[in-house]
Protein chains: 4
Amino acid sequence: MKVGVVGAIGYTGSAVLGVLSGRPGTEVTVVTSRGDAGRRLADMLPQLSGVPGYRDLALEDPADLEKIKEKDPARFPEAFFLAVSHRASMALVPRVLALGAKVIDLTGDFRLKSPLMYPEWYKCEHTAPEFLAEAVYGLPEIHRAEIRKARLVANPGCYPTCVILSLLPLAEKSLLGPDSPVVCDCKSGVSGAGRSASVPNLFAEVAENFRPYKVVGHAHTPEMAQQLALAGGKPLRLTFTPHLVPMNRGIEATVYLDAEKLPPYPELRDLYEERYASERFVRFRGEGAVPETADVRGTNFCDVALFRDEAAGMLKIVSVIDNLARGAATQAVANLNLVSGEDEGLGLASAALRP
Amino acid sequence: MKVGVVGAIGYTGSAVLGVLSGRPGTEVTVVTSRGDAGRRLADMLPQLSGVPGYRDLALEDPADLEKIKEKDPARFPEAFFLAVSHRASMALVPRVLALGAKVIDLTGDFRLKSPLMYPEWYKCEHTAPEFLAEAVYGLPEIHRAEIRKARLVANPGCYPTCVILSLLPLAEKSLLGPDSPVVCDCKSGVSGAGRSASVPNLFAEVAENFRPYKVVGHAHTPEMAQQLALAGGKPLRLTFTPHLVPMNRGIEATVYLDAEKLPPYPELRDLYEERYASERFVRFRGEGAVPETADVRGTNFCDVALFRDEAAGMLKIVSVIDNLARGAATQAVANLNLVSGEDEGLGLASAALRP
Amino acid sequence: MKVGVVGAIGYTGSAVLGVLSGRPGTEVTVVTSRGDAGRRLADMLPQLSGVPGYRDLALEDPADLEKIKEKDPARFPEAFFLAVSHRASMALVPRVLALGAKVIDLTGDFRLKSPLMYPEWYKCEHTAPEFLAEAVYGLPEIHRAEIRKARLVANPGCYPTCVILSLLPLAEKSLLGPDSPVVCDCKSGVSGAGRSASVPNLFAEVAENFRPYKVVGHAHTPEMAQQLALAGGKPLRLTFTPHLVPMNRGIEATVYLDAEKLPPYPELRDLYEERYASERFVRFRGEGAVPETADVRGTNFCDVALFRDEAAGMLKIVSVIDNLARGAATQAVANLNLVSGEDEGLGLASAALRP
Amino acid sequence: MKVGVVGAIGYTGSAVLGVLSGRPGTEVTVVTSRGDAGRRLADMLPQLSGVPGYRDLALEDPADLEKIKEKDPARFPEAFFLAVSHRASMALVPRVLALGAKVIDLTGDFRLKSPLMYPEWYKCEHTAPEFLAEAVYGLPEIHRAEIRKARLVANPGCYPTCVILSLLPLAEKSLLGPDSPVVCDCKSGVSGAGRSASVPNLFAEVAENFRPYKVVGHAHTPEMAQQLALAGGKPLRLTFTPHLVPMNRGIEATVYLDAEKLPPYPELRDLYEERYASERFVRFRGEGAVPETADVRGTNFCDVALFRDEAAGMLKIVSVIDNLARGAATQAVANLNLVSGEDEGLGLASAALRP
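Here the structure is a predicted model, which means the values were calculated and not measured.

Cut-offs and rules
Residues numbered from 1 in each chain as written. Chains lettered and ligands numbered in written order. Predicted model: local features only at pLDDT ≥ 70, side-chain atom pairs only at ≥ 80, totals over all residues. Helix = DSSP H or I, 4+ residues; strand = E, 2+ residues; numbered from the N terminus. Buried ≥ 20, exposed ≤ 12 C-beta atoms within 10 Å, placed from the backbone. Contact = placed C-beta atoms within 7 Å. Domains from an automatic or database assignment. Axes fitted to C-alpha atoms, helices over the stretch in contact; angles between N-to-C directions. Parallel < 35°, antiparallel > 145°, perpendicular 65-115°, else oblique. Left-handed = near helix turned anticlockwise from the far one by under 90°. Nonpolar A, V, L, I, M, F, W, Y, C, P; charged D, E, K, R; others polar. Least-squares fit on C-alpha atoms with pLDDT ≥ 70 in both. Pairing = 2+ DSSP bridges. Expected span 1.5 Å × (residues − 1). Bend = angle between axes of the 7 residues up to and from the residue. Arc of directions from axis to C-beta.

Here we take up the overall build of chain A. Assigned secondary structure in chain A consists of 11 helices and 14 strands. The 355 residues of chain A split such that 60% are buried. Across chain A, every contact between residues at least 6 apart in sequence was considered, and the portion connecting residues at least 24 apart equals 70%.

As structure tokens, then:
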């Protein structure tokens, strides 16, 4: 299978290339990076220079996609990963689809259902709203069947992946609603901020430091709320706070619910066990086992556990993913697998790199 | 002033010694460490070997306190810091008080008001319950006047210091109560776990990793709840989750409250501003300014800010301290200052070491 | 192929299991850990709990190897990885060989040629000296042909792997000798220290800290010197200093040579290019490209580059490996591949996990 | 005493402000930062917002120094710290001296004796060469007497401070010379790279990574060589390699010398003991004690130890400093103390913040 990666040099794009290097039968034939056209991929990303298939790849300009196809249609990708900045996919998606390739879009541009939400959350008008309805939200645990038939997959955001999987069994039973707030306190490694030069993400600003950021108004908020509301058939009241952890990879979510408005704990536990029994990439750790981000590093797994605080009458759900893997690259490749009729786990590592 | 430190070699004890090295007019005359008697302090703690007054200090056995006084009463400390394991202070406090010295106790042994709470939260019977009533909880923002007169100060826990200061203005106005849960999601650097050999605290278990721990049942829970209930005159419903951050020092608390059960936001903001206007060690950062642990490293400051999530109807309070400083050593020295009639800030750094 | 891992729970053993999880056609049938017999592997190492083949593995006692074979000879491994403490392999190797399995030994027990060196460098008598001659030093770049025929492979130490590959092209041309010292300044991540509880390896002792250790007398010194002397046919004068870097994985070596005693620089460059042109796991980066440990994380690659300091008349060689991969687990699996007649790179990732 | 800081917002400038906050009798009356004029210092550096004297300071434009003096000569500083980029001090020094203030220059602009060296090492012509002769190199252990009389102090670079103090006792006895190379392998925390946005210094590029940089040609090389040659009266052959450690603060130097060209080890040890016996800020740790950067964090100390590798015939010297303290801010304040006739250690912490 021939695939392409638009935005190959950022952390997301290079993570996709890393995962693809272990996917049998995959040939990456087009890689692009704005401003780096002509440079060798392996020179810019030495960590990938040992991959035989990447040795002779040169970066191309994303503006040239049409020319690239024209020049050698046989080598043109059947599917593209778009690992670009938010907003850039609004212009790319129509072009790539017109070129006959499927799209796994790693931006937020096609994750929200209504174009009206973009001005508020992404500070821009949506310029390709006609594709929003077609886009399938690429969380296999919810939309596996539709993804299989999709041309355009909106790969989920990292925080939403972790939060939705924490709450999905409850949402699907309509146990979340507007009357009781869901508190989602999330912590992420720094790679989520991308590979652009910025003072707040300098090592000396992040190491030996801990801070929340975008305490209110992070663009992942409506994405979580939307999917959970759809799953439950009713709106919910959700607050989300992201924090920056001095580490490269990993997201942890600690989610709080009023246990007094939920069924008794043993029922909840059974609910999670049943819901995730057949999901190979969600490991329900039961009660008391503490998920750690290191246990999922480099993998597509999401580990989930429940805790009951009886004194305070609260339910706590703890879940972890790797933000660049399940929160981006491995989930994107799982979606590629689904759209191309392969086994969902093709090429995905089953062991985390720990330590 | 002559002071002593029992448990000088652990992170808390050595942090107290570090702070004392900058306190004018202070002479540390007794340092103890079980099992290290006879060794030179400066050899075991090279980071303190440049302090002139510490050069010739040898460690003594805490069992020998009475003999030490007998041998040279003139050099015996007027006050002791107890930087030992939980439970050890139950035996030490009566002895030190009997020797005529004041006590700043850094363990949890005298923080809870009722001896009945110890079996549940500290897994032991209290062996000196007769001192619980006398002990003053050493959070100057609440108990300054009593601390000045105290013989025995129970220095607050690190998490409770951060959480109580986050909520104190609300508690004092009786705005926290049993009907609406207070969610306290806290994150701490690793030094809080102490300096004992343990696999979970090895570098390779903590670095590039993030995890909660004691998700339910941490011993600091009743300490927070007790002080806030006392301040407000009514019980509250509080849930607390500690998490381990791959950094040495620092605690951050993100606290969530149902804004629908609180006065309008501008009133809250005014409440915090007024309450903390005269508190030199609490820096209310207002609205939107994001506290970071690096800004308080090595200092006695607690930075607090408010955030309103209007969409979800939630109030978020973010606060940070240095767990070894405001959460232990600098607060302990502030308490020493108070019990000895000095300025509360004597010897406390006003600039954080950042980066 | 059926394989076993003795010492499955330490960092080396679990890294071997991680690599094996991606090796096609491999079945791990025996895992042992002293003191953990009966516990489930997947419970103790959640990072491996998603590997289908590991789900039902229970840990066994290494004392029971003979009984294990007797009970079910068909499931007994054809080869064992020994990921135990130094000295433990002296007793294990004779037993495992007697049971008919091949051995990849990850300790230092069979790396030195003479039993007389063990008292000095490993502080013990060698108790199985009769196997020293048979053991093949498992650095494929030197001993590939012998490894293919070996029953017992002494997997190289992490530092020696990095240092030997830095110097091999020079040694093989007899350009290193006793008259001019070779300075090997090496830096390692902390996982190399293993997973035992110890104060010096606590997070708070290592993070925001940098220090050398065993500045003189590290047991890897004779191992490097021996292999380089063998390659060059003459002894050399080598000094080695290990340092601890606050990171989990990675080794960097900066090696210094007196350029005035070497051929002109362009010849040296050609020498390295030629020597490593056909070595797929050594990436000679040429002149000026700076190797970084992150570029080899999780892989079997060693990146090497040359630098000439003309003003001082010195040659500098910089090389990097992942201490748990090329310095332990992936090299061990490469050796398994060789002893079992497979392609040397079977199951080894070609892309590093960066960041 | 009134002082000013030009370049207050960078890591060096803010570190100077941090140290000055603890110096009795010091009033910071002028702080500048290009492009930030008018902003409040305490808003831009929250870590200093608790310092009473800094509360009302506003940043000024360095172009306005003359106007600032004219407006209120009584508040104009007696001395300025220049914490700006290399090259910027060439223009500032003449202006500040003309305004009658003393200068502690933290750039490299006045460290080298000959203007001819600037094009090679700093890639620029020196535009104020007439001040080079007057500038005193601010390493008190060598130039204390001259610093006391100086108007212009060139505060030493971080690496040179560490390397020179490692070798000074040998250099002063003319034991270093051109016939035997001195290998200086140095490792630094990231704050040394400054606070400008750059991809290579992003957290995710540095954490879990180790790499050398400027392997040949770092501008600190001639600075070390020059001072050691001056101390010994003869040139030496010195090679220097800097490496980046994933930590904020700290420099470690491992220096290698051919022991066969030096006096016997006990003599060397005595030499160091004697040389540093009266130097309060150099702690000679003797033989075998391993210096760690954490032991000097935030202090003006340099810890030095010797190691002899008898098998290889090499002497190793290990030394550590805090790059932002002894390598910049505390040494600068020590120089201020000297030029203003105060005790060298006025306001300098004697205990390191560890952990």
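Moving on, we come to the domain arrangement of chain A. Residues and elements named next belong to chain A. For chain A, the assigned domains are domain 1 (2-134) and domain 2 (158-323). For domain 1 and domain 2, the distance between their C-alpha centroids amounts to 28 Å. A per-element tally of the side of domain 1 that touches domain 2 places helix 5 (residues 117-122) first, with three residues.

All names here are of chain B. It is at 9 Å that the axes of helix 7 (residues 158-172) and helix 9 (residues 220-232) come closest, and there the two elements cross at 20 degrees. In terms of their interaxial angle, helix 7 and helix 9 are classed as roughly parallel. Regarding helix 7 and helix 9, the two cross each other, and that crossing is right-handed. Contacts from Y159, P160, V163, I164, L167, L168, A171 and E172 in helix 7 reach H220, E223, M224, Q227, L228, A231 and G232 in helix 9. Residues of the contact of helix 7 with helix 9, tallied by class, amount to 10 nonpolar, three polar and two charged.

On to the interface of chain B and chain D. Taken together, the 27 residues of chain B in the interface contact 27 residues of chain D. Considering only residue class, the side of chain B that touches chain D consists of 11 nonpolar, 11 polar and five charged.

The next point concerns the interface of chain B and chain A. Taken together, the contact pairs 39 residues of chain B with 39 residues of chain A. Elements with a contribution of two residues or more to the side of chain B that touches chain A: strand 8 (182-188), strand 9 (211-212), strand 10 (238-244), strand 11 (251-258), strand 13 (302-309) and strand 14 (314-321) of chain B. The dominant element in the side of chain B that touches chain A, judged by the number of residues it contributes, is strand 11 of chain B, at four residues. Split by residue class, the side of chain B that touches chain A holds 20 nonpolar, eight polar and 11 charged.

Okay, the relation of the copies chain B and chain D next. Superposition of chain B onto chain D requires a rotation of 180 degrees combined with a translation of 0.0 Å along the rotation axis, giving an RMSD of 0.0 Å. Those values place the two copies in the arrangement expected of a two-fold rotation axis. Using C-alpha coordinates, one finds that chain B approaches the rotation axis most closely at B:E208, a distance of 4.0 Å. The overlap is high: 100% of the interface residues of chain B also sit at the interface in chain D, so the same surface is used on both sides.

What follows is about the sheet that holds strand 2 (residues 27-32) of chain B. Residue and element names in this part refer to chain B. With respect to topology, seven strands assemble into an open sheet ordered 3-2-1-4-5-7-6, the strand pairing being parallel. Every interior strand has two partners, whereas the edge strands, strand 3 (59-60) and strand 6 (136-137), have only one. Contacts from helix 4 (residues 88-98) reach strand 1 (2-6), strand 4 (79-82), strand 5 (102-105) and strand 7 (152-154) within the one sheet, and its direction differs from that of strand 5 by about 160 degrees.

Turning to the relation of the copies chain B and chain A, a few remarks are in order. Note on the copies: chain B fits chain A at an RMSD of 0.0 Å, the axial shift is 0.0 Å, and the rotation between them is 180 degrees. Mapped onto chain A, 100% of the interface residues of chain B are again interface residues, and the two copies thus contact each other with one and the same surface.

Residue and element names in this part refer to chain B. Pairing is mixed in the open sheet, where seven strands are placed in the order 9-10-8-11-14-13-12. Two strands in the sheet have a free side with no partner beyond their single neighbour: strand 9 and strand 12 (282-287). Inspection of the sheet shows strand 11 paired to strand 14 by eight bridges, in the antiparallel sense. From the neighbouring strand, D258 faces strand 14, where its bridge partner is M314.

Moving on, we come to the packing of helix 1 (residues 11-20) of chain C against helix 11 (residues 325-339) of chain C. All names here are of chain C. One can describe the packing of helix 1 onto helix 11 by two numbers: an axis separation of 8 Å at closest approach and a directional angle of 45 degrees. Considering their axes alone, helix 1 and helix 11 lie oblique with respect to each other. Viewed along their axes, helix 1 and helix 11 form a crossing whose handedness is right-handed. Residues T12, A15, V16, G18, V19 and L20 of helix 1 pack against A328, A329, T330, A332 and V333 of helix 11. Taken together, the residues that form the contact of helix 1 with helix 11 break down as eight nonpolar, three polar and no charged.

Most of strand 14 of chain B is tucked away: eight of the eight residues are buried. Side chains B:M314, B:K316, B:V318 and B:V320 of strand 14 of chain B all project onto a buried face; the interleaved residues B:L315, B:I317, B:S319 and B:I321 project onto the opposite face, where all are buried too.

The next thing to look at is the environment of A:V84. Among the secondary structure elements, A:V84 is positioned in the loop between strand 4 (79-82) and helix 4 (88-98). A C-alpha to C-alpha distance of 25 Å links A:V84 and A:A253, two positions 169 residues apart in sequence.

What follows covers the pairing of strand 13 of chain B. All names here are of chain B. A large share of strand 13 lies buried, amounting to eight of its eight residues. The side-chain alternation of strand 13 yields two buried faces, one formed by C302, V304, L306 and R308 and the other by D303, A305, F307 and D309. Looking at chain direction, strand 12 and strand 13 are connected through four bridges and run parallel. Across the sheet, V282 pairs through a bridge with C302, a residue of strand 13. By the bridge criterion, seven bridges tie strand 13 to strand 14 in an arrangement that is antiparallel. Note on strand 14: the bridge partner recorded for F307 is K316. The hairpin formed by strand 13 and strand 14 contains four residues between the paired strands, and G313 there has a positive phi angle of roughly 65 degrees.

Turning to unusual backbone geometry, a few remarks are in order. The peptide bond linking A:R354 to A:P355 adopts the cis configuration, its omega dihedral lying at 0 degrees. Relative to the assigned elements, A:P355 resides in the segment after helix 11 (325-339). Despite not being glycine, D:K123 shows a phi value in the positive range, around 55 degrees. One can find D:K123 in the loop between helix 5 (117-122) and strand 6 (136-137).

Residues and elements named next belong to chain A. Compared with the 21 Å implied by 1.5 Å per residue over 15 residues, the 18 Å span of helix 11 between its first and last C-alpha is markedly short. The largest bend in helix 11 is about 40 degrees, located at Q331. The element helix 11 is extensively covered by neighbouring structure, given that 15 of its 15 residues are classed as buried. Phi for G341, located one or two positions after helix 11, is positive at around 75 degrees.

Take helix 6 (residues 140-148) of chain B next. All names here are of chain B. For helix 6, every residue scored as buried is listed here: P140, I142, H143 and I147. Along the long axis of helix 6, the arc covered by the buried residues comes to 135 degrees, so they all point the same way. Residues of helix 6 that are buried in the fold lie against strand 6, strand 7, helix 7, helix 9 and helix 11 (325-339).

Residues and elements named next belong to chain B. With respect to the secondary-structure elements, L228 resides in helix 9. Residue classification places L228 among the buried residues on the basis of 25 C-beta atoms within 10 Å. Residues L228 and P160, 68 residues apart in the sequence, show an inter-C-alpha distance of 9.7 Å. With residues up to four places along the chain from it excluded, the contact list for L228 reads I164, L167, A171, L176 and L236.

With that settled, consider the environment of D:V296. Residues and elements named next belong to chain D. With respect to the helices and strands, the residue V296 is situated in the loop between strand 12 (282-287) and strand 13 (302-309). Between the C-alpha atom of V296 and that of A325, which follows or precedes it by 29 residues, the distance is 8.8 Å. Residues in contact with V296, not counting those within four places in the same chain, are F301, D303, V320, I321, D322, R326 and A352.

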